[in-house]
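Coordinates in review
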Amino acid sequence: MQYRSLPVFIALVCLIAVTGIQFEPGLWYAALDKPPLTPPNRVFPIAWTLLYLMIAVSGWLAWQSPAITPKRYAFACYGIQLLLNASWSWVFFGQHWIGIGMVNILLLLPAVAVNIRLFLPLSRLAAMLLIPYLVWVGFALYLNTGILWLN
């Protein structure tokens with residue numbers, strides 16, 4: 001296995017993470033009514049750090065695959081879900097567009113699911129590493145929908 005490309009995937013995913021960090025929740029978010037099961041704010045950076053690490057390793061493992069299956073669709077989907085991920089923070093925290101944030105997640109959720117499906121023939125582990133991300137995005141949909149409903 002070649003490790004030279006791993007830093008590229010880590011850097012790519014860090015770039016996505018940095019775009020999200022630029023838009024902090026702030027006072028606007030603190031003032032919103034939130035649904036039950038909303039975790040404390042300190043949980044989000046821990047969860048996202050672990051998820052971003054898994055997303056990067058997942059991409060790297062799929063990239064390393066010697067599988068004959070065409071990778072272009074898998075990595076097009078990988079790029080799309082990363083862009084949707086990055087745009088949510090700008091939409092939700094940056095612009096305070098709660099409804100558009102929900103639409104963003106409604107697009108992100110199937111993009112991650114399709115990415116899992118497309119990574120599966122390349123690397124089972126790569127696909128499995130995206131499952132916690134899929135679950136978290138589903139939870140984010142619950143939170144975003146709850147915030148929209150309550151506010």
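Throughout what follows, the structure given in this document is the object of discussion. Owing to the predicted nature of the structure, the values given are computational and were not obtained by experimental measurement. (Residues numbered from 1 in each chain as written. Predicted model: local features only at pLDDT ≥ 70, side-chain atom pairs only at ≥ 80, totals over all residues. Heavy atoms only, no water.)

1. Here we look at the overall build of the protein
Definition in use: Runs of E in the DSSP output that reach at least two residues are strands. Runs of H or I that reach at least four are helices, and both are numbered from the N terminus. Three labels apply to residues, based on accessible area from a 1.4 Å probe with only protein chains included: buried if under 20% of the type maximum, exposed if over 50%, partly exposed otherwise in between. Reported accessibility uses the Shrake-Rupley method at a 1.4 Å probe radius. Residues are deemed covered only where the shown protein chains occlude them.
Secondary structure assignment for the protein yields seven helices and zero strands. Counting helices and strands in the order they occur from the N terminus, the protein gives α-α-α-α-α-α-α. Across its three principal directions, the C-alpha atoms of the protein cover 50 × 25 × 25 Å. The buried share of the protein, reckoned over its 151 residues, is 41%. As displayed, the protein offers around 8500 Å² of accessible surface, 74% of which is attributable to carbon and sulfur atoms.

2. A few points about helix α1 (residues 6–21)
The cut-off we apply is this: Working rule for helices: expected span equals 1.5 Å times residues minus one. By arc we mean the arc of the directions from the helix axis to the C-beta atoms, nothing more. Whether two residues are in contact is decided by their heavy atoms: any pair within 4.5 Å suffices.
Over its 16 residues, α1 extends 22 Å from the first C-alpha to the last, a length consistent with the 22 Å expected when each residue adds 1.5 Å. Leu6, Phe9, Val13, Ile16, Ala17 and Gly20 are the residues of α1 that are buried. Angular distribution of buried residues about the axis of α1 spans 100°; they occupy a single face of the element. Exposed residues lying more than 90 degrees from the buried face of α1 are Val8, Leu15 and Ile21. Those residues of α1 that are buried lie in contact with α3 (43–64) and α4 (72–94).

3. Observations regarding the packing of α4 against helix α5 (residues 98–119)
Which entries qualify depends on this criterion: The axes are straight lines fitted to the C-alpha atoms, using for helices just the contacting stretch, and the angles between their N-to-C directions are given from 0 to 180°. Should an angle fall under 35 degrees it is called roughly parallel, over 145 degrees roughly antiparallel, and 65 to 115 degrees roughly perpendicular, with every other angle called oblique. When the near helix sits turned anticlockwise from the far one by under a right angle, the crossing is termed left-handed; a clockwise turn instead gives a right-handed crossing. Only Asp, Glu, Lys and Arg are considered charged, only Ala, Val, Leu, Ile, Met, Phe, Trp, Tyr, Cys and Pro nonpolar, and every remaining residue, Gly among them, polar.
It is the contact of α4 with α5, at a shortest axis distance of 9 Å, that shows an interaxial angle of 160°. Classified by the angle their axes make, α4 and α5 are roughly antiparallel. In this structure, α4 crosses over α5, and the sense of that crossing is left-handed. Here the contact of α4 with α5 is built from residues that sort into 19 nonpolar, six polar and no charged.

4. Digging into the environment of methionine 102
Mapped onto the fold, methionine 102 is located in helix α5. Linking methionine 102 and tyrosine 142, residues 40 residues apart in sequence, is a C-alpha distance of 9.1 Å. Methionine 102 has contacts with Leu141, Asn144, Thr145 and Leu148, leaving out every residue within four places of it along the chain.

5. Some remarks on a nonpolar patch on the surface
Counted only if it meets this: Here the term patch refers to residues with relative accessible area over 30% and no salt bridge, with like charges joined within 9 Å and nonpolar side chains (Val, Leu, Ile, Met, Phe, Trp, Tyr) within 5 Å. For salt bridges, the criterion is a side-chain nitrogen of Lys or Arg within 4 Å of an Asp or Glu carboxyl oxygen.
Taken together, the side chains of Leu120, Leu125, Met128, Ile131 and Val135 present a nonpolar region at the surface, about 410 Å² in accessible area. Going through the elements one at a time, α6 (124–129) and α7 (131–150) are the ones with two or more residues in the nonpolar patch. With respect to the helices, strands and loops of the structure, leucine 125 is situated in helix α6.

6. Details of the layout of surface pockets
We count it as follows: A 1.4 Å probe that fits into a set of points on a 1 Å grid over the protein atoms alone but cannot get out defines a cavity; an open set with protein on both sides within 12 Å along at least five of seven lines defines a pocket, and lining residues are those with an atom within 4 Å of a point. Grid points are joined across faces, edges and corners, and a volume is the space filled by probe spheres set on the points.
Space inside the largest pocket adds up to approximately 860 Å³. Broken down by secondary-structure element, the contributors of at least two residues to the lining of the largest pocket are α1, α3, α4, α5 and α7. Looking at the lining of the largest pocket residue by residue, the class counts come to 25 nonpolar, six polar and one charged.

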